[in-house]
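Observations on the model geometry
The chain contents come next:
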Amino acid sequence: MKSLENALKHKVGLGTAPLGNMFRDVPEEEAQKTIQTAWDQGVRYFDTAPFYGAGLAEIRVGEVLSKYNRDDYVISTKVGRYMTEETEENEGLFEHGRNNQVITDYTEVATKRSIEQSLERLQTDRLDMVFVHDVSPDFHGDAWTEKFEQARKGAFRVLSRLREEGVIRAWGLGVNTTEPIERAMDLEDTKPDICLSATQYTLLQHEQALQGMMAKAEENDVDIVVGSPYNSGVLLGGDHYNYEKAGDDIINHVNQLKEIGEKYNVPLKAAALQFSTAHPAVKSVIPGSTRPDRIKEDLEMIQMDIPKDFWNELVDKGFVSAEAPLPQ
C-alpha cells in the first residue's frame, strides 16, 4: 500500500492502545507528549481504535494530529464497536478508560456509526485504513464464527463499498489470532487489502503465523501490519504476555532469548522489531507506548546492526523458525 509506505520511517508506526489507558491511568500531558514525540521523530502512521479506552486514544490522537496537514500522515482505526452516551463500570484491559458504554456490533448500521464517531474523535474528514476489530476466538470464543459471518454481511461489505468510492484507501481485519485473517483472505466477494495481526508474528511467537497467515498473505497480495511486537511487553521485561499475566514458561523463554542477546550485545527490542519487519508481507510494525523517550528508541533499534551469528544461534537452538525470513 503505497500511501502507507510513504508515511513510514523505517517501517515504524505508533500503536495507541496504551494511550487508551490500557493497564494504567496515563496522565493527559504524558499521552500528548508521546504522540507529539512520535511526530517529531518522523513517525507518520498512527493506528488507533474506538475500543482503546472507549474512544480515549482516538481523542488524544486527534488532538495532536489535527494541527498538521491531513495529507502528511496516515491513520488506521477500527470498526466493530461504537459508543453510547450511557455509562458503564469499566473492567479488563481498559478499566482506566472513559466510561461510555461500548457496544460490540459488526452490522452495516453499526459500522457506519462507528466510522462517524471515529471521524469526530480524530478531528478528520477521512480515514486511510479501517480494520474490523477482534472478530476472533480470543474475544468471542466459539461464537466468533457467527460474529465473522455478521461482519462478512455487514462491515466487510460496507468497507469494500467505501474503498471503491474512495472514502477509505484500504480495509482488513485487526485481530490477535491468525484464523480470522486467513478466512477473510479466502472470501471471493469481499477481499481485504491489509490486515493488522497483533502478537502473532513476533520473535517470541511466529511458527503458526508463518506457515498459515503469512504464506497466504503473500499469495493473495495482502499487506500485514504487525501489532504488539513485544507480546504486550514481556519481551522487554514486562509481566504481560498477549494482554494477560505471563506464565513462568514464557518468562523462562524470554530469559533465554535475553541471554543470547547479551552474548552478542543485541537488545531484544531491536531483535523483535527487525524480526517482525523482515518478512516481505509486513509493511509496518506498530509498537505502542506511553513513554515519549521510547519512541526515539524504537527508531534507533530498528536500524541497529545485528550480527548474523545472533540470528544463526536463535535458529540453531529452535527459538526462530528456520523458514522465517531474517533481517539482512
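So, a few notes on the structure that sits alongside this text. Computed from a predicted structure; not experimentally measured.

Bringing helix α10 (residues 248-263) into the picture now. Compared with the 22 Å implied by 1.5 Å per residue over 16 residues, the 23 Å span of α10 between its first and last C-alpha is a close match. At its buried positions, α10 is contacted by β10 (240-241), α11 (268-278) and α13 (308-316). Residue Asn265 follows α10 closely and has a positive phi angle near 60°.

Each pair of packed helices gets described by two things: the angle between the helix axes and the distance between those axes. Where helix α2 (residues 28-40) contacts helix α3 (residues 56-65), the two axes come as close as 10 Å, and the packing angle between them is 55°. Between α2 and α3, the crossing angle belongs to the class labelled oblique. Relative to α3, α2 is oriented so that their crossing is right-handed. Each of Glu28, Ala31, Gln32, Ile35, Gln36 and Trp39 in α2 lies in contact with α3, whose residues at this interface are Arg60, Val61, Glu63, Val64 and Leu65. Partitioned by chemical class, the residues of the contact of α2 with α3 number 6 nonpolar, 2 polar and 3 charged.

Below, the discussion takes up empty space enclosed by the protein. Where empty space is left can be seen by rolling a probe of water-molecule size over the atoms. Summed over the entire model, instances satisfying the criterion amount to 1 cavity of 30 Å³ or more. Approximately 30 Å³ is the volume attributed to the largest cavity. The wall of the largest cavity is formed by Val12, Gly13, Leu14, Val43, Pro287, Ile295 and Asp298. Taken together, the residues of the lining of the largest cavity break down into 5 nonpolar, 1 polar and 1 charged.

Time to look at the environment of Arg70. Relative to the elements of secondary structure, Arg70 occurs in the loop between α3 and β3 (74-79). Since its relative accessible area comes to 10%, Arg70 is described here as buried. For the pair formed by Arg70 and Thr124, sequence separation is 54 residues and the distance between their alpha carbons is 7.7 Å. With residues up to four places along the chain from it excluded, the contact list for Arg70 reads Ile75, Thr124, Asp125, Arg126, Leu127 and Asp128. Only 2.8 Å separates the side chain of Arg70 from the side chain of Asp128, close enough to count as a polar contact.

Next up on the list: the nonpolar core. Val132, Phe156, Leu159, Leu173, Leu203, Leu235 and Leu314 are the most contacted members of the largest nonpolar core, which totals 81 residues. When residues of this core are assigned to their parent elements, the largest contribution, 6 residues, is made by α11. Of all hydrophobic cores here, the second largest spans 12 residues; its members include Ala7, Leu8, Met129 and Val225.

What follows deals with the packing of aromatic side chains. Within this structure, the stated rule accounts for 11 aromatic pairs. With a centroid separation of 6.0 Å and an interplanar angle of 75°, the aromatic rings of Trp39 and Tyr73 are classed as edge-to-face. On the criterion of sequence distance, the pair formed by Trp39 in helix α2 and Tyr73 in the loop between α3 and β3 is long-range, its members being 34 residues apart. There is no split in this pair, since Trp39 and Tyr73 are both buried. Residues Tyr264 and Phe310 carry aromatic rings whose centres are separated by 6.2 Å and whose planes lie at 75° to one another, so their mutual orientation is edge-to-face. Placement of Tyr264 in the loop between α10 and α11 and of Phe310 in helix α13 is noted, with a sequence separation of 46 residues between them. Each residue in the set Phe51, Tyr52, Phe94 and Phe139 is aromatic and connected to the rest through ring pairs, giving one cluster. Above the face of the Trp39 ring, Arg44 is positioned so that its terminal group lies 3.6 Å from the ring centre. Over the ring of Phe51 we find Arg81, and its NZ or CZ is 3.8 Å from the ring centre.

A word on the pairing of strand β9 (residues 223-227). When you tally the buried positions in β9, you get 5 out of 5 residues, the bulk of the element. Because side chains alternate across β9, one face comprises the buried residues Asp223, Val225 and Gly227, and the other comprises Ile224 and Val226, equally buried. In terms of strand pairing, strand β8 (residues 194-198) meets β9 through 5 bridges, oriented parallel. Counterpart to Ser197 in the pairing with β9 is Val226. For the segment spanning β8, helix α9 (residues 207-220) and β9, crossover handedness is right-handed. Relative to strand β12 (residues 282-286), β9 runs parallel, the two sharing 4 bridges. Note that in β12 the partner of Val226 across the bridge is Val285.

Procedures and definitions
Sequence order sets the numbering: in each chain, residues are counted from 1 along the sequence as written. With the structure being a predicted model, the display of local features is reserved for residues of pLDDT at least 70 and the display and counting of side-chain atom pairs for 80 or more, all residues being used for whole-chain, interface and lining totals. With hydrogens and water stripped out, all remaining heavy atoms of the structure feed into the side-chain values. Strands here are runs of E lasting at least two residues and helices are runs of H or I lasting at least four, both read from the DSSP assignment and numbered beginning at the N terminus. Expected helix span is taken as 1.5 Å per residue step, with the number of steps being one fewer than the number of residues. Every residue pair with non-hydrogen atoms within 4.5 Å of one another is taken to be in contact. Axis definition: a line fitted to C-alpha atoms, limited for helices to the stretch in contact. Angles are taken between N-to-C directions and run from 0 to 180 degrees. Angles below 35 degrees are treated as roughly parallel, those above 145 as roughly antiparallel, those between 65 and 115 as roughly perpendicular, and all remaining angles as oblique. Note on convention: near helix rotated counterclockwise from far helix by under a right angle means a left-handed crossing. Clockwise means right-handed. The nonpolar class holds Ala, Val, Leu, Ile, Met, Phe, Trp, Tyr, Cys and Pro. Asp, Glu, Lys and Arg form the charged class, and all remaining residues, Gly among them, are polar. Of the two site types, the cavity is a set of points on a 1 Å grid over the protein atoms alone where a 1.4 Å probe fits but cannot get out, and the pocket is an open set with protein on both sides within 12 Å along at least five of seven lines, each lined by residues with an atom within 4 Å of a point. Grid points are joined across faces, edges and corners, and a volume is the space filled by probe spheres set on the points. Burial classification: accessible surface area is computed with a 1.4 Å probe over protein chains only, and a residue below 20% of its type maximum counts as buried, one above 50% as exposed, and the rest as partly exposed. Definition of a polar contact: a pair of N or O atoms within 3.5 Å, with one able to donate and the other able to accept a hydrogen when the atoms are protein atoms, and with sequence-neighbouring residues admitted only if both atoms are side-chain atoms. Throughout, nonpolar core names a set of buried Ala, Val, Leu, Ile, Met, Phe, Trp, Tyr and Cys residues whose side chains join them through atoms within 4.5 Å. Between rings of Phe, Tyr and Trp, where Trp is taken as its six-membered ring, a pair exists when centres lie within 6.5 Å; planes separated by under 30 degrees are stacked, by over 60 edge-to-face, and by other angles tilted. To sit over a ring, a charge needs its Lys NZ or Arg CZ within 6 Å of the ring centre and within 35 degrees of the ring normal. Strand pairing is assigned whenever DSSP identifies at least 2 bridges connecting the two strands. When the strands point away from the viewer and the connection leading from the first strand across the helix to the second strand turns clockwise, the crossover is called right-handed.

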